[in-house]
Amino acid sequence: MTTLHAVAGYLPGFKAEDLQWQTLRFQGRGATLDVAVPELSPAQWVVLAERVKQGSRAYLKTLTVSQIIAVVDRAVARLLDPKDPYRQEAERLLPLVTGYDAEMVRLGLTAYLKTFRQPQLQRFVSEDFANPKVLDEFQPRPKGGFAKAFGPDLLVHIWAGNVPGLPLWSLISGLLVKSGSVGKLPGAEPLFAGWFARLLVEVDPQLADCLAVGWWKGGDQSREQALFAQADLVLAYGGNASLEPIRRQVPITTRFLAYGHKLSFGMISRAALDSRKAQTTAHQAAYDVMRYDQQGCYSPHVFYVERGGKVSPRDFSQYLAHELVSFEHKFPRRVLPLEEAASVASWHQAQELKLFTLSGAALMGEAGTPWRVAYADGPQPLAPSALNRTIQVIAVDRLDQVIPEIARHRAFLQTVGLAAAPAELFALAEQLGQAGVTRISAVGAMTAPEAGWHHDGRFNLLDLIQMVEIEQSAELAAETFAPYVD
Amino acid sequence: MNAPDTATDLSPQALIADIVDDLLAFMAREGASDEAFNPLALRLFSHQFQHNPAFQRFCRQRGKTPRTVKTWRDIPAVPISAFKALTLSCQPPSSTDRVFMTSGTTQGDVKGKHYHPTLAVYDYSMRANFSRRFMQGSDKISMGILFPTEEVMPNSSLAHYLALAVQTFGAAGSRYFLSQQGLDTPQLCAVLAQAEQTGEPYALLGATYSFVHLMDALRQQGRTFVLPPGSKVLDTGGFKGQSREIPVADFYAQLSSMLGIPTSQCINMYGMTELSTQFYDAGNATLPSVKSGPHWIKSRLVNPMTDEEVAHGEHGVLVHCDLANFNSVTSILTEDVGVAVEGGFLLLGRAEGAQAKGCSLAVEEFLRAAKA
C-alpha cells in the first residue's frame with residue numbers, strides 16, 4: 001500500500017518551521033494519505049488575524065465587487081480545467097480523503113464549481129443586493145440619504161464535514177463582501193479550502209494577505225478565544241453538539257452565525273407515479289440518495305410517497321431499490337469505518353424489528369449490500385436514516401398529511417425534493433414553508449442547490465455585512481458648512 | 001446428552017428442569033471442550049427457536065432454522081436493542097422468577113427486559129466465575145458495596161450480582177455504602193481505616209462511576225489509604241454519564257494511589273443485562289486489559305454490516321454466545337467494539353456515536369434533540 005503526502009492550509013507570513021504540524025491520516029481504497037495540517041499557537045493566530053485584517057483593508061476593500069468576481073471566476077475556471085494541476089490534485093486526493101467514489105467526486109466537483117462562475121456570482125450578489133454597487137460606494141437611498149454595505153474586517157470560518165468543496169460557500173461570500181477571512185479546516189476534509197486560497201493568490205498575488213486557512217483540534221478553548229476575540233463575525237458549520245461550545249467562546253459583541261446539521265426529505269405525488277414517470281422519478285430519487293452517500297444537509301432521509309397513483313408506494317420502494325443497485329455499479333458507496341458500519345447495522349436492525357410489529361412493512365437490501373430501503377405502509381414519526389444509502393419510503397394517503405409531523409422538527413428542516421403537479425407544488429410549498437422547510441427542489445436536484453440559493457433560508461451576503469447610512473440630515477447639514485455657502 | 005426437546009413428551013416445567021440440569025452439569029465441568037459446547041448450544045437454539053415466537057420470526061427473517069444452523073457460530077445473534085422491542089422469553093413472562101431491565105439511557109425510556117424463569121443458572125454462573133476470577137482461591141473477604149441494594153433496585157442485574165457476591169463471598173461486616181442519601185463517605189472511611197489497622201484484606205465493589213464519586217470525596221477531604229495486601233477493587237459498567245469521564249489509565253492510577261491497592265488487583269467486570277455470564281480481566285496493570293469468560297460463553301467479532309466474522313486481529317463488534325441464557329437467546333449482538341487477542345478480547349469502546357461526516361443530521365443528534 002502506497003502512502004501519499006499532502007500539506008494543508010494557507011498561512012501568509014509564516015514559515016513552515018515556525019509552526020507546529022499535526023498529521024491527519026486517511027485510509028482510502030488501496031492507499032494511505034497523510035495530510036500535514038498546520039497548528040498555530042494562540043499568539044500566532046492573533047498575529048495572523050491582524051495581518052489579514054490589514055491586508056484586506058489595504059487591498060481587498062479597495063476592489064469593486066466586479067473585480068472580485070473576476071478574480072474568483074479565474075480561480076474557479078482553473079479548478080474546472082481538467083489539465084490544471086490543482087484540479088488534478090483534487091481529483092487524485094479527494095476520493096482518498098473522503099472515501100467517495102472518484103467518478104462521483106469528479107462529476108460533483110464540476111457541477112458544484114460551475115455555480116461559482118462569473119454569471120452565477122453576479123446572480124449570487126444580486127440575490128441579496130438589488131443594487132450591487134452598494135458594496136462599492138455610498139448609494140442614494142429612496143428615503144433620502146446614502147448607504148453603503150460594509151463587510152467585516154475579519155470573518156472567521158469554522159468549517160465541518162467531508163462534502164468536497166463545502167468551504168467555498170462561505171469563503172467566496174466573505175470575499176464578495178470584501179472581508180478578510182481566516183478559516184479553520186474541517187478535519188474530515190482538510191485540503192480543499194487551502195488549495196482554493198493558494199489558487200486565488202496565484203491568480204491575484206495581491207490577495208496574499210487577505211485570507212488564511214489553518215487548523216486546530218475542535219474544542220481548543222485557548223485558540224478559539226484568541227482568534228474569536230479578533231473577529232467581527234464567526235461563522236460555523238457543524239452539529240449542535242459542536243456548535244454549542246464554539247458559541248460559548250464567541251464574545252457577546254461578536255456576531256455568530258451557525259449552520260447546523262439538517263434533515264431533508266422527498267415527496268412523491270401520485271401525479272408522478274404513472275408507470276412511465278415512476279421509473280424516472282425513482283431514478284432521480286436514487287440519485288439524490290447516492291450523491292455523497294447522503295452526507296449533505298440537502299440529502300434525503302425519507303421519501304413520502306402518495307397512494308392512488310398507478311404505481312403503489314410499495315412498488316415505488318422497489319423501483320428505488322433497483323435504481324440503488326444500478327448506481328452501486330457506477331458509483332460504489334465508500335467503504336465504511338467500523339463505527340459507521342455499526343450505526344448502519346443498528347438502523348437496519350431497528351427496521352428489521354419493525355417488520356414484526358408494523359404490518360405491511362418491508363426491508364430491501366441484505367447483509368452485505370451497500371444500500372437499504374425500508375418501506376412503511378403508513379405514516380411514521382420523522383426520523384433520520386442511517387445515511388450511507390439507507391432510505392425510508394413511507395406511504396401516505398395525501399402528501400399534506402405529513403405536515404404536522406415534520407413541523408415538530410422545524411429547527412432541523414431544510415430541503416424537500418418534490419415531484420408534484422404545478423398546483424400541488426405551490427399549495428405544498430406554502431405549507432412546507434410554514435413548517436420550516438427552506439428549499440424545495442426537483443427530485444434529482446436535491447444535492448445541487450442553484451447559484452445564489454439562500455442557505456437554510458438565510459441571506460448569504462446580507463447576513464455578513466453592516467449597512468452604514470448617511471442620513472439626509474447629515475447631507476443637509478454638510479451643505480451649511482460648505483466653502484461655497486453664502 | 002438428551003435428544004433435542006422436539007422429540008420429547010416432557011411437560012414445559014419438566015423440560016426446563018431437564019435443560020437446567022444439563023446446563024448446570026456442563027457448567028460444573030471445568031475445561032469442557034468446544035465439542036461439548038456445540039451440542040448444548042444447538043440444543044438451546046432449537047429450544048428457543050421452538051418456544052420463543054419472537055425469536056423464531058427473527059431467525060426466519062435471517063433464513064436460519066435448526067436445520068440450517070450447524071454450529072454455535074451460525075446461531076443468529078439478536079441485537080441488544082431487540083430486548084427492548086421484543087419479548088425474548090421461552091416461558092410466559094408472567095411465570096418468570098425475575099426480570100432484569102436495562103437502565104434505559106437510550107431509546108427514550110423503553111427498557112430492555114431479560115426474563116429469568118429461575119435464577120439458578122444465573123446464580124451458578126455468577127458464583128463459579130466470580131470465585132475463580134475475583135476471589136482467586138480465597139473463600140471470604142470483607143466487602144464494601146458502592147451500589148444500591150437489591151431491595152432498592154429489584155430489576156437491576158448488577159444489584160443482584162453484587163448481592164450474590166456479598167451473600168456468598170462477603171465476610172462478616174460486609175455492607176453497602178450507597179443509599180438514597182448518596183455515598184456514606186464517613187462510614188466508608190472509618191471502615192477503610194479499620195482495615196488498615198487490622199491488616200485484614202478489604203474489597204470494594206461497585207459501578208465505575210461510584211468510584212469516581214468516592215475519589216472526588218476522598219480528594220476533597222485530602223484522605224488516602226494504604227489497604228492491606230490482598231485487598232482489591234471490582235468496578236463495572238463505565239461512567240454512563242453518571243460522573244465525569246476519566247481516561248481508563250488515570251482512573252486505575254488514581255484508584256490505586258488513593259486506596260493503596262495495586263492496579264493489578266483492580267479488576268474490571270464486563271457484563272450486561274442481556275447476558276447471564278460476566279467477563280473479567282486479570283487486573284489493570286497493563287492496558288487495555290484482556291477480558292475473558294468461562295467455558296460456557298464464547299465470543300466472536302463480526303463486521304456489523306455483513307454479520308461475518310472479521311479476520312483475527314481486526315476490530316469488530318462483539319457477539320456473545322452465552323449458554324447460561326437458556327430462556328432468552330444464547331447469542332446476542334452487542335454495541336461494543338473489540339479485538340481478539342491471545343486469551344480473550346480487548347474492549348475498545350462502544351460503537352455508538354459515529355461522528356457525522358457531513359452536514360446531514362445523524363440519528364444520535366436527532367434523538368438528543370427529541371429528548372431535550
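Things to note about the overall build of chain B
Stage number 1. When you go through chain B residue by residue, the secondary structure sums to ten helices and 16 strands.
Stage number 2. Computed over the C-alpha atoms, the radius of gyration of chain B is 21 Å, within 12% of the 21 Å expected from 2.2 N^0.38 for a compact globule of 372 residues.
Stage number 3. Each principal axis of the C-alpha distribution contributes one length, and for chain B these read about 65 × 55 × 40 Å.
Stage number 4. Relative to its full complement of 372 residues, chain B shows a buried share of 42%.
Stage number 5. In chain B, the share of contacts with a sequence separation of at least 24, taken over all contacts with a separation of at least 6, comes to 63%.

With respect to the pairing of strand S8 (residues 211-214) of chain A
In regular strands, side chains alternate between the two faces of the sheet.
Stage number 1. What you see with S8 of chain A is no split at all: Leu211 and Val213 of chain A on one side and Ala212 and Gly214 of chain A on the other are buried throughout.
Stage number 2. For the handedness criterion, the β-α-β arrangement of strand S7 (residues 180-184) of chain A, helix H7 (residues 192-203) of chain A and S8 of chain A is classed as right-handed.

Considerations on the sheet that holds strand S18 (residues 466-470) of chain A
All names here are of chain A.
Stage number 1. Read across the open sheet, the three strands follow the order S4-S5-S18; overall the sheet is antiparallel. Pairing within the sheet leaves two strands with one partner each, and these edge strands are strand S4 (139-140) and S18.
Stage number 2. Sheet topology note: the S4/strand S5 (residues 146-150) ladder contains two bridges and is antiparallel. Its bridge partner being in S5, proline 140 is matched across the sheet by phenylalanine 146.

Section: helix H3 (residues 85-98) of chain A
All names here are of chain A.
Stage number 1. The end-to-end C-alpha separation of H3 is 20 Å, in line with the 20 Å expected for 14 residues at 1.5 Å each.
Stage number 2. A maximum bend of about 30° is found in H3 at arginine 92, where proline proline 95 lies one to four positions downstream.
Stage number 3. Those residues of H3 that sit buried are Arg87, Ala90, Leu93, Leu94, Pro95, Leu96, Val97 and Thr98.
Stage number 4. Glycine 99 sits one or two positions beyond H3 and adopts a positive phi of about 85°.

What to know about the packing of helix H1 (residues 12-28) of chain B against helix H5 (residues 120-135) of chain B
Residue and element names in this part refer to chain B.
Stage number 1. Where H1 meets H5, the closest approach of the two axes is 10 Å, and the angle between their N-to-C directions is 5°. Considering the angle they form, H1 stands roughly parallel to H5. Across the interface between the two elements, Val20, Leu23, Leu24 and Met27 of H1 pack against Ala120, Val121, Tyr124, Ser125 and Ala128 of H5.
Stage number 2. Partitioning the contact of H1 with H5 into residue classes produces eight nonpolar, one polar and no charged.

Things to note about the interface of chain B and chain A
Stage number 1. Opposite the 29 residues of chain B that make contact, chain A presents 42 residues.
Stage number 2. At the level of secondary structure, the elements contributing two or more residues to the side of chain B that touches chain A comprise helix H3 (53-61), helix H4 (82-85), strand S15 (331-341) and helix H10 (363-371) of chain B.
Stage number 3. When the residues that make up the side of chain B that touches chain A are grouped by side-chain class, the tally is 17 nonpolar, seven polar and five charged.

A short note on the domain arrangement of chain A
All names here are of chain A.
Stage number 1. According to the domain assignment, chain A contains domain 1 (2-261 + 455-470) and domain 2 (263-441).
Stage number 2. Once you take the C-alpha centre of each, domain 1 and domain 2 turn out to be 33 Å apart.
Stage number 3. In this assembly, 13 residues from domain 1 lie in contact with twelve residues from domain 2.
Stage number 4. Among the residues making up the side of domain 1 that touches domain 2, the classes are represented as three nonpolar, six polar and four charged.

Some remarks on the nonpolar core
Stage number 1. Judged by nonpolar contacts, the single largest core of 238 residues is most densely connected at Tyr304, Phe316 and Leu320 of chain A together with Leu146 of chain B.
Stage number 2. Those residues in contact with leucine 320 of chain A that sit more than four places away from it in its chain are Ala282, Ala285, Ala286, Val373, Ile391 and Val393 of chain A.

Observations regarding the sheet that holds strand S2 (residues 20-27) of chain A
Residue and element names in this part refer to chain A.
Stage number 1. If you walk across this open sheet you meet the three strands as S1-S3-S2, and the pairing is mixed. Lying at the two open borders of the sheet, with one neighbouring strand each, are strand S1 (2-7) and S2. On average, each strand axis in the sheet is tilted by 25° relative to the strand beside it, whichever way the strands run.
Stage number 2. Sheet analysis places S2 next to strand S3 (residues 31-39), joined by eight bridges and oriented antiparallel. Residue pairing for S3: phenylalanine 26 is matched across the bridge by leucine 33.
Stage number 3. Together, S1, S2 and S3 form the strand contacts of H3, whose direction differs from that of S3 by roughly 90°.

Some details on the environment of leucine 200 of chain A
Residue and element names in this part refer to chain A.
Stage number 1. With respect to the helices, strands and loops of the structure, leucine 200 is situated in helix H7.
Stage number 2. Residues leucine 200 and glutamine 118 lie 82 residues apart in sequence; the distance between their C-alpha atoms is 15 Å.
Stage number 3. Those residues in contact with leucine 200 that sit more than four places away from it in its chain are Val71, Ala75 and Leu207.

Thoughts on helix H12 (residues 338-357) of chain A
Stage number 1. Taking 1.5 Å of rise per residue, the 20 residues of H12 of chain A would be expected to cover 28 Å, and the 29 Å separating its terminal C-alpha atoms lies within 8% of that figure.
Stage number 2. Among all positions in H12 of chain A, only Leu338, Glu340, Ala341, Ala342, Ser343, Val344, Ala345, Ser346, Trp347, His348, Gln351 and Leu353 of chain A are buried.

Some thoughts on the domain arrangement of chain B
All names here are of chain B.
Stage number 1. By domain assignment, chain B separates into domain 1 (5-96) and domain 2 (120-294).
Stage number 2. Measuring from the centre of the C-alpha atoms in domain 1 to the corresponding centre in domain 2 gives 32 Å.
Stage number 3. If you look at the interface, domain 1 gives six residues, while domain 2 gives six residues.
Stage number 4. Among the elements that take part in the side of domain 1 that touches domain 2, H1 stands out by supplying four residues, more than any other.
Stage number 5. In the side of domain 1 that touches domain 2, the residues fall into six nonpolar, no polar and no charged.

Considerations on the packing of H3 of chain A against H7 of chain A
Between two packed helices, both the angle of their axes relative to each other and the distance between the axes serve to describe the pair.
All names here are of chain A.
Stage number 1. Running from amino to carboxyl end, H3 crosses H7 at an angle of 175°, the nearest separation of the two axes being 11 Å. Regarding the angle of H3 to H7, the classification is roughly antiparallel. Packed against H3, whose contacting residues are Tyr86, Glu89 and Ala90, the element H7 presents Phe192, Trp195 and Leu199 at the interface.
Stage number 2. A per-class count over the contact of H3 with H7 returns five nonpolar, no polar and one charged.

Considerations on unusual backbone geometry
Stage number 1. For the peptide bond that leads from leucine 287 of chain B to proline 288 of chain B, omega is -10°, which places it in the cis range.
Stage number 2. When you line up the elements, proline 288 of chain B lands in the loop between strand S11 (279-280) and strand S12 (290-291).
Stage number 3. Backbone geometry places lysine 178 of chain A, a non-glycine residue, at a positive phi of 65°.
Stage number 4. Within the element layout of this structure, lysine 178 of chain A appears in the loop between helix H6 (167-176) and S7.
Stage number 5. Taking the number of C-beta atoms within 10 Å as the measure of exposure, lysine 178 of chain A has 26 and is therefore buried.
Stage number 6. Although it is not a glycine, aspartate 293 of chain A sits at a positive phi angle of roughly 45°.
Stage number 7. Secondary-structure assignment places aspartate 293 of chain A in the loop between helix H10 (275-290) and strand S12 (300-306).

Rules used in this analysis
- Counting of residues starts from 1 at the beginning of each chain's written sequence and follows it residue by residue.
- Chains and ligands are labelled by the order in which they are written, letters from A for the one and numbers from 1 for the other.
- Local features in this predicted model are restricted to residues whose pLDDT is 70 or higher, and side-chain atom pairs enter the listing and the counts only when it is 80 or higher, whereas totals over whole chains, interfaces and linings include all residues.
- A run of H or I in DSSP counts as a helix once it spans at least four residues, and a run of E counts as a strand once it spans at least two, with each numbered from the N terminus.
- To get the radius of gyration, use the C-alpha atoms; to get the globule rule, take the number of residues to the power 0.38 and multiply by 2.2 Å.
- We call a residue exposed when 12 or fewer other C-beta atoms sit within 10 Å of its C-beta, buried when the count reaches 20 or more, and partly exposed for counts in between; the C-beta positions come from the backbone.
- What counts as a contact is two residues whose backbone-derived C-beta atoms lie within 7 Å of each other.
- Crossover handedness is defined here as right-handed if the route from the first strand over the helix to the second strand goes clockwise, with the strands pointing away from the viewer.
- One bridge is not enough; two strands pair if DSSP finds at least two bridges between them.
- An expected span of 1.5 Å times one less than the residue number is assigned to each helix.
- Throughout, bend refers to the angle between the axes fitted to the seven residues that end at a position and the seven residues that start at it.
- Throughout, an axis means a line fitted to C-alpha atoms (over the contacting stretch in the case of helices), and angles, computed between N-to-C directions, take values from 0 to 180 degrees.
- If an angle is under 35 degrees, it is roughly parallel; if it is over 145, roughly antiparallel; if it lies from 65 to 115, roughly perpendicular; otherwise it is oblique.
- Residue polarity follows a fixed list, in which Ala, Val, Leu, Ile, Met, Phe, Trp, Tyr, Cys and Pro are nonpolar, Asp, Glu, Lys and Arg are charged, and the others, Gly among them, are polar.
- Domain segmentation is taken from an automatic or database assignment of domains.
- Only buried residues count toward a nonpolar core: Ala, Val, Leu, Ile, Met, Phe, Trp, Tyr and Cys, linked into one set through C-beta atoms within 7 Å.

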